[in-house]
Structure formats: structure tokens, C-alpha cells
Amino acid sequence: MHRRDCVKVAVRVRPFNKRERDAGSRCIVSLAASAITIQDPRDSQCRRSFCFDYAYWSHSGYVIQDRTGLYLPEEVGGRYADQECVFQDLGQGILENALQGYNATLLAYGQTGSGKSYSMVGYKHNKGLVPKLCERLFKAIKEIKEARQCQVFFSMLEIYNEQVVDLLSRGSRPPGGLRVREEQHRGFYVEGLRTVPCDSAAQVEQLMEQGTRTRTTAATHMNANSSRSHMLLVLQLKQIFSKESVTKQSNINLVDLAGSERQRSASSEADRLKEGTAINLSLTTLGNVISTLADMAVGRKTVHVPYRDSVLTKLLQSALGGNSRTVMIATVSPADICYEESLSTLRYSERAKHIQNRPVVNESPTERLVKELKAENARLMQRLSRLGQDGRSANDETKEIRQLLTHNELQIRTINTLWEKHLQEALRDWEQQYANITQERRLMQMHPYILNINEDAQLSGVVKLFIPAGEWDIGLSEGTPRSISIKGLGIQQRHAVLKNEQRRVTLTPLKGSKVTVNGRAVSQTSELQHLDRLILGSNCTYLYIGFPSERGANDWSRYDYDYFLSELAAAEGIHLGESSTESCQTDPSLLAVFYDYVKLMPLVAEANQMSQELKKGVEFKLEIKNLVLSDSKGNDLEKEIICKVTSKHSKQVWMWSKAKFVNRKFLMEEIYLRHLDEMNGEHTGEGLSSSALPRDKDPFWDPVEPLLLGTAHLWLQSLAFRIPVDEQLEVLGSEGSEEAILQAKLIPCTSDGLPLGEDDILIDPSELLGRRLDIQLVVEQCFGLRWIREARNRGIQIGFSLLDSGGRVYTPAVWHHVNPALRHKVHFASLHVSQHLLDYLQSSAVLLELWGLQDGCTSLVSPLEGARVSTEGIFIIDESGMTNTIESCDLLGLRLYVDEHSGLLKDFSEQLEQSVSALKHDVATIVRRKRERSGT
């Protein structure tokens, strides 16, 4: 296998972003040469190393030039890899391959916010691979202009939810997006995709700006950020060598893949709907394609490469295992809170480097046609010449040949002039765009305005909505003289009023509209200050730019999407900055949970808005599972984000994992978009109406199940001394809320269940070793059940087990009572107290779980398969009881009988031995006294 024909893989490590710095993250990634090592933040001994073709350290060791904002290494030859360094290794090779006539592909892969777009496009003066490649391409074209004629066409498309969108299209979008078709010679291609001729890098940059505006406008309508979509930039380079009569044609595909958030496997989710939705399908399929091709490269037999399973893999078929020279750049965050995602990215990239492609130099079919037409004309001219030399009269044949010559010449002229015609049309478009840009810059110097902020920094600041003097309605309505049109979830026809009077701009929310200013919801008129942060509706984020005299030298770029989310999180009591607790600063798992919480906030806001507009009556709320809860030893439980889903009508409640909520959210979007089509009269009839979904296909609904509401600890230490316990325990929910007060008892007892007396209390717990211990756990009553107060048609059960063994016990279900009397008693017994059990009693607790029942769900039943229960219903908690061995009740009863009588015999033996010893002592005393008397 020749390395030059394999996919080359590079990994780049970015600096901490603001959120990671505020969270006190630490770096867990190290780099040496082309090898990268990542450390598990929970285990310093667990390290994984990966080797790639290139590895770039861009995390530290840089300085920022004040004037231009350019990132440069601190010292010449330093380890920091800037944009130019990355281009020299990756972009230069792509350019050289394209000039040689090969297809070339660059894939950018990584989680959302890992630096893909920065590496591909760049920011301000820190130009990325794409603009640098365009600049060098047109520079090379000028240098070789005398040797060959070069033509460059540019196209730009986006793949979202398995639909292809032409970002350069000037017309309306077809329903369902553009179609992907297949031809034998061309392979897969996008039908109707607009390709624009370009003769300079500046023109490509203008087209990219136009496509970005289109992408941003679409994003504000439904998908609030671009991290869920793939963007493809295609540069078609055609080189015509006149002297050699050869044409080389190559496609340069530059692909910014969607964010690769790590999801749990579908098998771990109790979801009866489709877990892998179209949003995640393309990345999942891409991973399957890469794995299959990697297996083929190392000699494993494979039957099928699943290119056809997604739109993305169809369009990338030539880039992966086909006719292309391909480079993948994977970007990772070095923060401990991103460990799982970074490790997943490195594993993914490691497989890709084994893929072997089959690149060949391409010859243009169009130029081949020109050559064939010229050759045919030459034959026709020879035939005419022979007819003239022979002096034969063949007027009809001569006329036919001349018609063929004329037709062929017309075809040749059409093919040759097509480029110039397209270029002239493009120039007219660029002149109009330049006029629009000039007009926008003039307005920026005259009026205040709001500009959009997006999760993708490349899309931030693209949309500018100007606020001239007067009163302006902002909302969905458009076409009226005094309106500013915006689109997005939760935006009303007239959402708010912006008023610009006497150099003051005020914002007044209208009835029923959601408006947030600087993280706080507002309902009254507010005066806007320069750089205020606005959130309109669910997630339309804008930054207010004041009058030119107010702007000063402040740079708005620091108010990025993370800043908006951090403000919202702070308003909800989630702080990741210096005010965080010490545990937040040191516990990477807790930081990761807060990180997920902030990222999911906008998705939850969108889900709530869709539920409201579709009249589903379902409310979504984020919670942190196990935030303050611990296990029976008092150790913290693993924390994760869950989504509490509540039906406002039936009061039914579901708890969804993060992965389940994200996938359901995408299904909700499909229904919501179908609903919009129905409202606009564009419904195609495909699929189900949004109002006629059966329950098992409605992503807003799930079969109800019992919910774990909270836990309480009943500590066992007193039992080691055979002292009874009677406690009133506070049942705490996942986030520390008080769910109920629970009265429970632990009573040491005899084998018959009779309580022991004060004389049976032990001074030394070791006296229990080898002896029998019987305990009764009594759950007396619950007080103040919040679960029942919220809805009287609910019920509860208490679940528990001793010694963390199998055989969890549940109390009978009690419904409709806020202060239910349970009075449930369970008898546990250890036939031979071991040191392990004694240690357990002195250091652990019974974990009492409060389970909530609701209409439609069945009560919890005590599973006895893993427990040892006697015929009298006594649970055996010896160490052997912790195994999965199932013994018959008769054999267990016989063992209990034998063990009980063995204990009696042992007690009798001990008493007999004590009696004999006492008798011997008494006899010896009598004998001694008799001797003393006889001696006197």
C-alpha cells in the first residue's frame, strides 16, 4: 500500500474557549511529533496515544498582534502551529494535486466548537485553508496563463436533515431540497446545483459571503445553529493545454462536517421510536463507510460499502476509496470536560488513515467532444476535397457535408464561448452584490442596528437589521413600510417595537412575546445600551450596536454565542465562573455536566416553542440527575443531564436522557416543518399530518413508567451493636429538592420476629461474628409528598435492598394520599455474621428510594430471582446471598432448620462446658479447704 494513495489525516488541538476557561478546565492532551496522547481526567494512569500524518499544537505558545489580530508563534520555530503552517502541509498538497489533474478533497471533522470552521475558513486576518487555497490557486493560474487556459467554477451547498440546499441559488427552494442522482461516468452528483465561473479569489470570497448569508437566513428559521449541517464547497478547475490538445479537469471538495457530538448507543435507550434520525444518520453512515474501507485496506473481506445510506456519503464516494486524493483534518478540544468527544474524534480519525484511494488524472469529456468534432470536420473536408478532385457532380452529398461542417463548427463555437458568457453573467451579479455591500457599510455609519449571533462564528454578524429614526415593528410581518422582518421559533407577527427617538433606542415587547435582554426576561419598555444582548423568541440571538458615537473601540466579537448561553445559565443559577464551588473547579464530571446543560438550553427552548405552536401541551425542563445524591456508602453518584417532560393536561411525567431528548427533538422538527408546510399550503401529502400522529410515533409522547423521585439514607451502624433505629428521613430529589419526609425503623429481633431487649445490646460489635443476626426494616409512613400534591391521581412506592444484593423489595402501591401510612415490614437475617457484613453495617446505609406512579403505569414488583428467601419469607443477607445462585425454598428451609439447631447445640455445649468448669472449680475449692482443716 502506497502511503500517497491513502487518506492523510491531521489532528489540530485548539486553545481553550471562554466557557472552558471560566470552568477552570485543565489540559489533558499532549503532543510529540505526529503522536498525540489523551489522558482520562478521572484516572491519571489511563492514557491513549494515536499517531497521524500531521499533528498541530495550537493550544498555547502564541501572541496576538494588536493591529490585525493575527495569531503568531511567540518565538521563531516555536511549537505553535498557525494558519500558514497548516496550509503549507495540507493546502499546498491539495493545490498541487488539483493542478496535476487529480480530484482533491479536504474533510474537517470534530465536535461542535472544536475549531473546524476556524481551520477551514478562519477569522478576520487569520485566514483558513479555504481562502488561502483560493488565493494560491488563482496566483498559480496567472503564472501558468501562457501555457494553458484555466477555468474555475464554484458551487456551495449545505446538507441538513438529508436534504441538499444550494446556497448560491437565486430562486425559490424546491420542496425536499435538490435531488442527488447517479450517472455511470459522473458518479453521484447534485441535479440543478448552480456553478458560478470565477476568475479571482475575491470573487470566490464574495460568493462564500453570499452563501453564508443564505445559510444564516435558513438557520434562523429552523435549525438555530449550523453545527447540525454539513457544508460543501466545490471548486472545479479546468485546464486546457492548446499545444498538446489535452484538457485536465479536477474537483476540489472542501467539506466542513457537522458537529460530531457523542451519542449513547440506541440499545441503551428505552426509546420505542427511531433513535438514529436523519440528522445523525450522515455522520453515522460516514463512520460505517470509513470502518468498512479501513477493514478492506488491511485485508479483511467486505461485501458492501454503505455509500448509498446517506446523501453525504454518496457525494463523498470519490473522496473515500475512489478517484481522489483526500486529506482529513480533525480538530479536538484539550479540555477535560470534552474528554469523551475528543477521544471519540481521535478514534474516528485513526480509522480513516487506513483508507486507500485510487486517484487518476481526469480528462474533460467536453474537451474530448471538441476534439472529436474537429477530427470529424477534418475527415469531412478531406471528403469534399476528393469530390472536387474527381470532378463528379454530387451536389446533394456536398450540401449534406457542408451542413455537417456548419453544425460542428457551431457546436465548437458554443462550447468555447460558454465560459465567457457565464463569466459575464457572474460579473453582473458581483456588481450588484458590491453595490449592496457598499450600501450596507454606509448604513452602518448612520444608524444603530442589531446583528445576529450564531453558534458557528462564521455565521455571526452576517445579518444586520438597521433601526432608522422612528418606530419599527419587529417580527414575522414583512412588506409593510415600518417593519423589520425576522424569522425563527417563537417569533410572532408583531413581536416587539423598536423606537429610535432623540438618539435613544427602546425595545417594547408585545403581549405574549418572549424577549430577553442580557440574560433576563423583560416585559416592559427597556432602553438599549451599546452591546446589549437580545434573545427574541426561543433562540434568535442578536447583539445591539449603538450609534456610531457610542461604539468607541469596543470589539463585539467577545460577545459570542457562548456568552449568550452563559448569561442565560447564570440567570437559572448555573455558574461556571469563579463563583463556582470548589467541587466545580476540581470535578471534571461535574464540569462536563454543566457544559452539556448550557449546550442543551437552546434546544429545550426550541422544543417548548414547538410544543406550544403544535398545541401539544408538553413542557420540557433540564435537570441534573444525581446532583446531590450518593450511594449506600455515601459516595457521589455519576451525574448526567436529563430532560423532565411534563404533560400539562394529564400531569404525566417522563424523564429522558440527553441522547433521547436530542433525537426526539430532531423528530419534533420534522413534524413542525410539516406543520408549517400545511399552514402555507405546501404539504406534499408525504407522511402523516402533524395533528394525526398515532401515539407510538408521536415524539412528544412516551409510554409512562414509574419515576425515581428521590432517595433517603437509613444508616446501619447501630445494628452492629443490636440497637434499634427509628428515624424521620428527608427524601431528596436529584437536585436537592425535598420530595417527602419518610419515617422508617430498623429493629434487631429474634428469628421469630420478636424485638430484642436492652440486655441484648452489645458493647463490642465483634461479638456478632459467627452468630445469627435478624433485623426488621419497617417503613411506617410518608409525609408531605410533593409528587401527590402536584396531582392527586398519582401514587408512590418505596424500594430498598440490604447489602446491595439482588432482591430489591418494594412496598405496596399507595395512591391519592399526601401523607400515606405504609406500615410495611420486611425481615432480614444473616445466619453467620461475617467480617464483611460487620464492616458493611458500620459504614453503609439502606438506600430508600421513593418511586412515583402515575395513570397508565403498573406498580413495581419485587423481583425475587436474585434473592434467597426462606419459606417464612425471611430474606437471607449472607455473602452467599449476594450471588445469583438460586436455591429451592425447601432446601433453604432445611438449611435454616439445621443452622438454627446447630446454634442451639453450640449454645448448650458452651453452657455445659461452663458448668463443668464451674463444678471443677468448686470441687477443687472444697478439697483445698478440707486439707487446710485436716492440716490444722
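Relevant structure appears above.
Residues numbered from 1 in each chain as written. Predicted model: local features only at pLDDT ≥ 70, side-chain atom pairs only at ≥ 80, totals over all residues. Heavy atoms only, no water.

Observations concerning the sheet that holds strand E21 (residues 470-475)
- With respect to topology, five strands assemble into an open sheet ordered E22-E21-E23-E24-E27, the strand pairing being mixed. Each edge of the open sheet is held by one strand with a lone partner, namely strand E22 (483-485) and strand E27 (526-527).
- In the sheet, E21 pairs with strand E23 (residues 496-501) via five bridges, with the strands oriented antiparallel. Considered in E23, the bridge of Ile474 is made with Ala496. (Pairing = 2+ DSSP bridges. Helix = DSSP H or I, 4+ residues; strand = E, 2+ residues; numbered from the N terminus.)

Re the packing of aromatic side chains
- Applying the stated criterion to the full structure yields eleven aromatic pairs.
- An angle of 20° between the planes, with centres 6.4 Å apart, marks the rings of Phe50 and Phe52 as stacked.
- Classification of Phe50 by relative accessible area gives buried; the value is 2%.
- Given the relative accessible area of 5%, Phe52 is considered buried.
- Relative to Phe466, the ring of Tyr449 has its centre 5.3 Å away and its plane inclined at 55°; by these criteria the two rings are tilted. Taken together, the residues Tyr449 in strand E19 (residues 449-452) and Phe466 in strand E20 (residues 464-466) connect sequence positions 17 residues apart. (Phe/Tyr/Trp six-rings, centres within 6.5 Å; stacked < 30°, edge-to-face > 60°. Buried < 20%, exposed > 50% of the residue type's maximum accessible area, 1.4 Å probe, protein only.)

Notes on the pattern of salt bridges
- Within the structure shown, the criterion is met by 29 salt bridges.
- Arg42 is the partner of Asp40 in a salt bridge, and the nearest nitrogen-oxygen pair spans 3.4 Å.
- Under the relative-accessibility criterion, Asp40 is labelled buried at 11%.
- As a salt-bridge pair, Glu340 and Arg42 come within 3.0 Å of each other at their nearest N and O atoms. One end of the pair, Glu340, is in helix H8 (residues 339-352); the other, Arg42, is in the loop between strand E3 (35-40) and strand E4 (43-51), with 298 residues separating them in the sequence. (Salt bridge = Lys/Arg side-chain N within 4 Å of Asp/Glu carboxyl O.)

Considerations on unusual backbone geometry
- Positive phi, close to 55°, is recorded for Ala33, a residue that is not glycine.
- Locating Ala33 in the fold gives a position in the loop between strand E2 (29-32) and E3.
- Relative accessible area serves as the criterion here: at 70%, Ala33 is assigned to the exposed category.
- Even without glycine at this site, Asn626 takes up a positive phi of about 65°.
- With respect to the helices and strands, the residue Asn626 is situated in the loop between strand E30 (618-625) and strand E31 (640-647).
- Assessed through its relative accessible area of 11%, Asn626 is described here as buried.

Some thoughts on the side chain of Arg551
- In this structure, Arg551 sits in helix H11 (residues 548-551).
- Despite its burial, Arg551 pairs with no opposite charge, the nearest such side chain being Glu550 at 6.9 Å.
- A distance of 2.8 Å separates the side chain of Arg551 from the backbone oxygen of Gly546, its partner in a polar contact.
- Once you skip the residues sitting within four places of it in the chain, Arg551 turns out to touch Met444, His447, Pro448, Tyr449, His530, Ile545 and Gly546. (Lys, Arg positive; Asp, Glu negative; His and termini not counted. Polar contact = N/O pair within 3.5 Å; in protein donor to acceptor, adjacent residues only side chain to side chain. Contact = heavy atoms within 4.5 Å.)

Examining the pairing of strand E40 (residues 821-830)
- Summarising burial for E40: seven of the ten residues are buried, a large majority.
- Sheet analysis places strand E36 (residues 773-783) next to E40, joined by eight bridges and oriented antiparallel. When the sheet's bridge partners are listed, Ile775 is paired in E40 with Phe828.

Topic: the nonpolar core
- Grouped together as the largest cluster of nonpolar side chains are 51 residues, with contacts concentrated most on Leu543, Phe620, Trp656 and Phe661.
- The element best represented in this core is helix H14 (residues 588-613), accounting for eleven residues.
- Setting aside residues no more than four positions away along its own chain, Phe661 makes contact with Leu600, Leu603, Val604, Ala607, Phe620, Cys643 and Trp656.
- Grouped together as the second largest cluster of nonpolar side chains are 47 residues, Leu707, Cys782, Val826 and Val869 included. (Core = buried A, V, L, I, M, F, W, Y, C linked by side-chain atoms within 4.5 Å.)

Remarks on the sheet that holds E2
- Ordered in space as E2-E3-E4, the three strands form an open sheet in which the pairing is antiparallel. Two strands lie at the open edges of the sheet, namely E2 and E4, each paired on one side alone. With direction set aside, neighbouring strand axes in the sheet form an average angle of 25°.
- For E2 and E3, the ladder comprises four bridges, and the chain directions are antiparallel. (Axes fitted to C-alpha atoms, helices over the stretch in contact; angles between N-to-C directions.)

Observations regarding a nonpolar patch on the surface
- Taken together, the side chains of Phe908, Leu912 and Val916 present a nonpolar region at the surface, about 280 Å² in accessible area.
- With respect to the helices, strands and loops of the structure, Leu912 is situated in helix H18 (residues 889-935).
- Looking at Leu912, the relative accessible area reads 45%, which means it is partly exposed. (Patch = residues over 30% accessible without salt bridge, like charges linked within 9 Å, V, L, I, M, F, W, Y side chains within 5 Å. Areas by Shrake-Rupley, 256 points an atom, 1.4 Å probe, with all protein chains shown as cover.)

All quantities given are derived from atomic positions and should not be read as evidence of function.
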